[in-house]
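Each chain, written out:
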Amino acid sequence: MKKIIVANWKMYLSADESKDCSQRIADSLVKSPKNLEVALCPSFIPMKDVALAVRGSPVMLGAQDVFWEEKGAYTGEVSVMDLKSLGCSFVIAGHSERRKFFQESNKVIHEKVRMCLLHGLIPIICVGEDWEQRRNGQKDYVLIQQLNEILEGIVIQKQRVIVAYEPVWAISGGGGVHADPKEVEYAHEVIRHVLMDMYGSIEVNSFFQIIYGGSVSAENIHLYTNLPQISGVLVGSASTKPETFLELIGKI
Ligand code: PGA
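Being a predicted model, the structure only gives us computed values, none of them experimental. (Residues numbered from 1 in each chain as written. Predicted model: local features only at pLDDT ≥ 70, side-chain atom pairs only at ≥ 80, totals over all residues. Heavy atoms only, no water.)

Asker: Can you walk me through the pattern of salt bridges in this structure?
Answerer: Side chains carrying opposite charge are able to pair once their charged atoms draw close together. Applying the stated criterion to the full structure yields 15 salt bridges. The residue Glu 111 makes a salt bridge to Arg 114 at a minimum N-O spacing of 2.8 Å. Of this pair, Glu 111 and Arg 114 both sit in helix 5 (residues 106-118), three residues apart, which is roughly one turn of the helix. On the basis of relative accessible area, Arg 114 is assigned to the partly exposed category, the value being 32%. One network of salt bridges, in which partners are shared, links Asp 65, Arg 98, Glu 104 and Lys 112. (Salt bridge = Lys/Arg side-chain N within 4 Å of Asp/Glu carboxyl O. Helix = DSSP H or I, 4+ residues; strand = E, 2+ residues; numbered from the N terminus. Buried < 20%, exposed > 50% of the residue type's maximum accessible area, 1.4 Å probe, protein only.)

Asker: Mind showing me how you'd approach the site of the ligand here?
Answerer: For the ligand, the set of nearby residues contains 13 residues, the closest of which are Lys 10, His 95, Glu 166, Ser 172 and Ser 215. Gly 236 is positioned such that a nitrogen or oxygen atom in its backbone is 2.8 Å from an oxygen atom of the ligand. Class assignment for the residues of the shell around the ligand results in four nonpolar, seven polar and two charged. (Near = heavy atom within 4 Å. Polar contact = N/O pair within 3.5 Å; in protein donor to acceptor, adjacent residues only side chain to side chain. Nonpolar A, V, L, I, M, F, W, Y, C, P; charged D, E, K, R; others polar.)

Asker: Just to check I follow, could you spell out the environment of Asp 82 for this structure?
Answerer: Position of Asp 82 relative to the elements: it lies in helix 3 (residues 80-85). For Asp 82, a relative accessible area of 45% puts it in the partly exposed group.

Asker: What is the right way to read helix 1 (residues 15-31) from this model?
Answerer: A turn of α-helix holds 3.6 residues, and therefore any two residues three or four places apart point the same way. Along its 17 residues, helix 1 runs 25 Å from first to last C-alpha, staying within 8% of the 24 Å computed at 1.5 Å per residue. Residues of helix 1 that are buried: Ser 18, Cys 21, Ser 22, Ile 25, Ala 26 and Leu 29. Along helix 1, the residues classed as buried sweep out an arc of 130° about the axis, all on the same side. Along helix 1, exposed side chains directed more than 90 degrees from the buried face belong to Asp 16 and Lys 31. (Expected span 1.5 Å × (residues − 1). Arc of directions from axis to C-beta.)

Asker: Sorry if this is basic, but what is going on with the sheet that holds strand 8 (residues 232-235) here?
Answerer: Each strand in a sheet pairs with another by means of backbone hydrogen bonds, the pair being arranged parallel or else antiparallel. Strand order in this closed barrel of eight strands is 1-2-3-4-5-6-7-8, and the pairing throughout is parallel. On average, adjacent strands in this sheet sit at an angle of 25° to one another, irrespective of strand direction. Bridging between strand 6 (residues 161-165) and strand 7 (residues 208-213) involves five bridges; their strand directions are parallel. Counted as the bridge partner of Val 161 is Phe 208 from strand 7. Against the sheet, helix 8 (residues 181-199) touches strand 5 (122-127), strand 6 and strand 7, its axis set at about 155° to strand 7. (Pairing = 2+ DSSP bridges. Axes fitted to C-alpha atoms, helices over the stretch in contact; angles between N-to-C directions. Contact = heavy atoms within 4.5 Å.)

Next comes the structure, spelled out in structure tokens:
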């Protein structure tokens, strides 16, 4: 599988800025394609414009969230069907900002991942400890528990799944502490072992990718992507300006 770089635009950009930013990224990557997957995850309102902007380019589309039922009386929610109809391939599930601000539990994330897989969307499952848990030596435990509760009972039938290790303390909005690549490498090993326990090494090597996210920038990206276990990155604030994001892509 190719390495992947995912832009999580969170709620940083207006609809017009999202359209403009996606157009500029798509135009550049048509001219000089990289042997790399690039996915943009805008907020929901500009998604259709972003889908049009990236059409015909190698840039793919992702969503920042999804609801766990197909349709019904769920005020304010967005369905997998709508995401698919716009050409979405990826869905971020369980970002720490959703855990923090919307009390999303592992159970809720499990339901979202299940819905994505049922409809052929590739989940990007975010896991990671917060500063307190890290300080108390609970990092491994947190990763093991999150993965077990999110993936419990989920059968992978030749479907691609991405797990993003995102230590909360390293995310720009959650502390922005620079994560030592050795520590990231260690966490990736823990994640890989949990997945191998659950699915076996053949499935994990064939269908799972483990990526890293947390204050990734053009200056530090190589520290993470040079690690052989890391299949890509999830980038927040550094992905919101086309020139910065393209510079970052150029460094992989
Ligand atoms: P950041 O965000 O790159 O701004 O730290 C990453 C993320 O939250 O996915």
